[in-house]
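Reading the structure
The lines below spell out each chain.
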Amino acid sequence: MPLAGKMSRRLRKNMELLTQTMGIGESFDLWERRLRIAQKDAALIWVDGLINDLALQRVIESLLKLKQGDLAPNPAERLMKEYLNYAEAKEVDTYDDLITEVLAGQVAILVDGDSHAVMVDVREYPGREPDEPDLERVVRGSRDGMVETLVLNTVLIRRRLRDPSFRAEAIRVGRRSKTDVAVIYLKDVCNLDLVKKVKDQIARIQTDAIPMAEKTVEEFLVGPWGWWNPFPRVRFTERPDVAAVHLLEGHVIVLVDTSPSVIILPATLFHHVQHAEEYRENTLVGVYIRWVRFLGIALSLVGPPLWVALALRPELLPEALDFIGPRSQGNIPLLAQFFIAELGVDLIRIALVHTPAALGTALGFIGAILLGQIAISVGLLASETILYVAVAALGTFGTPSLEFALAVKLSRLALLGAVGVFGILGLAGGLLALTVLLGFTRSFGVPYLWPLIPFDWAALKSVLVRRPIPVDTGRPSALKPQEPDKAPRDS
């Protein structure tokens, strides 16, 4: 049970309660150090591994230099104002605040005769150096990516936006984990109603802990209806430059401590099909890359079910397209072949995730080439089936957003099932149902298909064609930003 209430002026009582509640002496990584400073009994409490040992040593040295009377009459206040030469220090007066800060990595200093404790921030979290994210690599551009430390992630974004309106507000989530969640936005750009809505939803999260970090927060943010909709209502990124660009557009960024993934919201369908690489190349090259990606996603969604529908009804094809359809269907029905092949691709992908990097290439070769060739040779699958499943897989892996790519895959499987039951009409009905689903989907009040539905030609042009940065000065109107232009003209 949490230890509530104000702290006592008696050090002995405070330490008895804290020892019993926190398990000091039971947990090997939880330390206390009793001192005699300024002729007063004192104690320090910290978690080993979360603090900088050298900084802690300096704190102790400065405390041991105090003489009798230096801490009278209010020890905590005198320490804060006169003797602790550390920038990040504060007073707390409740047991709950002290325990929370200690478990977050701060050092607590308690002195007999004072009901306040001094918290000194000498944290040094274990972590890795910023590195380029595997899912968002670019040929040119910065190679730094988010890490698992909240403060460092905030710095990576702030380094790109030296704006006084930059705001990073922290909220603690989880009754037991007390995980730090940061809401970041530009105060004079972002819609403040959106900011309030996001902060209120995060503050209302009731759970023991969020060990899965950003994914758990996202599930609380999208609500119960969103759990059964495969299309993601937020965008994830591990690139600080991508996060900075979205802040400039008026989006809200949510960071969760221990996770390198950033939540960007609101997010429409078209946010998931754009990539930083498009903006690192020549404008015309960027347009070409974007359209190739659009084509890949379209083929991934519609290609296999359309081919199956036409192969099952060859009489619908004109003579010029009579080559569509397998010459030999193999020993298994055509539709079943696609589901088997899709399952095989997913098994290979899952296996590659769990395979050491040194063996990944060999596993991919065995799975993609040898198994596919053998399946054709023994008559298990038709060669055309392998071809169209491979094209669909390329479209899936060419999608920048993994979450969106998996949603497209599930939609493709649903369309294949509809084709198997209703034929070509099943494909048409499935696409109509998918359009209706996306049309009714909203991300924090923004229509998921905007700017296509509702139609906004000016915004749609920016989606279809990667515009040069000097002329792309408008912010998305669907976000209702306070400043509609990124570079307002001088009056």
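On a predicted model such as this, the values are computed, not experimentally measured, just so you know.

A short note on the sheet that holds strand S4 (residues 107-111)
Spatially, S1-S2-S4-S5-S3 is the arrangement adopted by the five strands of the open sheet, whose pairing is antiparallel. Looking along the sheet, the strands with just one partner apiece sit at the ends: strand S1 (30-37) and strand S3 (89-92). Direction aside, the axes of adjacent strands within the sheet are offset by 25 degrees on average. The pairing of S1 with strand S2 (residues 40-47) spans eight bridges and is antiparallel. Looking across to S2, one finds that arginine 34 is bridged to alanine 43. The strands touched by helix H1 (residues 11-22) within the sheet are S1, S2 and S4, with S2 carrying the most contacts at an inclination of about 20 degrees. Its contacts with the sheet put helix H2 (residues 53-64) on S1, S2, S4 and strand S5 (117-120), and the angle it makes with S1 is roughly 20 degrees.

Overview of the layout of surface pockets
Roughly 1300 Å³ of internal volume is contained in the largest pocket. Lining the largest pocket are 43 residues, and of these Val345, Ile348, Arg349, Leu352 and Phe397 sit closest to its centre. Elements that contribute at least two residues to the lining of the largest pocket include exactly helix H7 (214-226), strand S8 (235-237), helix H10 (334-353), helix H11 (357-377), helix H12 (383-397) and helix H13 (402-422). Broken down by element, the residue count for the lining of the largest pocket peaks at nine residues, all from H10. In terms of residue class, the lining of the largest pocket is built from 24 nonpolar, eight polar and eleven charged.

Focus: the environment of glycine 474
Within the secondary structure layout, glycine 474 lies in the segment after helix H15 (457-464). For glycine 474, a relative accessible area of 33% gives the class partly exposed. Beyond its immediate stretch of four places on either side in the chain, glycine 474 contacts Pro484, Asp485 and Lys486.

Structural notes on the pairing of strand S10 (residues 262-265)
The side-chain alternation of S10 yields two buried faces, one formed by Val262 and Ile264 and the other by Ile263 and Leu265. Two elements, S8 and S10, share three bridges in a ladder whose sense is antiparallel. Bridging across to S10, arginine 235 finds its partner in isoleucine 264. Across three bridges, the pairing between strand S9 (residues 252-256) and S10 is antiparallel. Bridge assignment links valine 252 to a residue of S10, and that residue is leucine 265. Between the antiparallel neighbours S9 and S10 lie five residues, among them threonine 258 with a positive phi of about 80 degrees.

Section: empty space enclosed by the protein
Per the stated rule, a full pass over the model turns up two cavities of 30 Å³ or more. Approximately 100 Å³ is the volume found for the largest cavity. Taken together, 13 residues line the largest cavity, and the ones lying closest to its centre are Val345, Asp346, Thr396, Phe397 and Lys409. Of all elements in the fold, only H10, H12 and H13 reach the threshold of two or more residues within the lining of the largest cavity. With five residues, H12 is the largest single contributor of residues to the lining of the largest cavity. For the lining of the largest cavity, a count of residues per class yields seven nonpolar, one polar and five charged. For the second largest cavity, the calculated volume is near 40 Å³. The wall of the second largest cavity is formed by His251, Pro266, Thr268, His271, Val446, Trp450, Pro476, Ala478 and Leu479. A per-class count over the lining of the second largest cavity returns six nonpolar, three polar and no charged.

Scoring rules and cut-offs
Residues numbered from 1 in each chain as written. Predicted model: local features only at pLDDT ≥ 70, side-chain atom pairs only at ≥ 80, totals over all residues. Heavy atoms only, no water. Pairing = 2+ DSSP bridges. Helix = DSSP H or I, 4+ residues; strand = E, 2+ residues; numbered from the N terminus. Axes fitted to C-alpha atoms, helices over the stretch in contact; angles between N-to-C directions. Contact = heavy atoms within 4.5 Å. 1 Å grid on protein atoms, 1.4 Å probe; cavity = no way out; pocket = protein on both sides within 12 Å on 5 of 7 lines; lining within 4 Å. Points joined across faces, edges and corners; volume = space filled by probe spheres on them. Nonpolar A, V, L, I, M, F, W, Y, C, P; charged D, E, K, R; others polar. Buried < 20%, exposed > 50% of the residue type's maximum accessible area, 1.4 Å probe, protein only.

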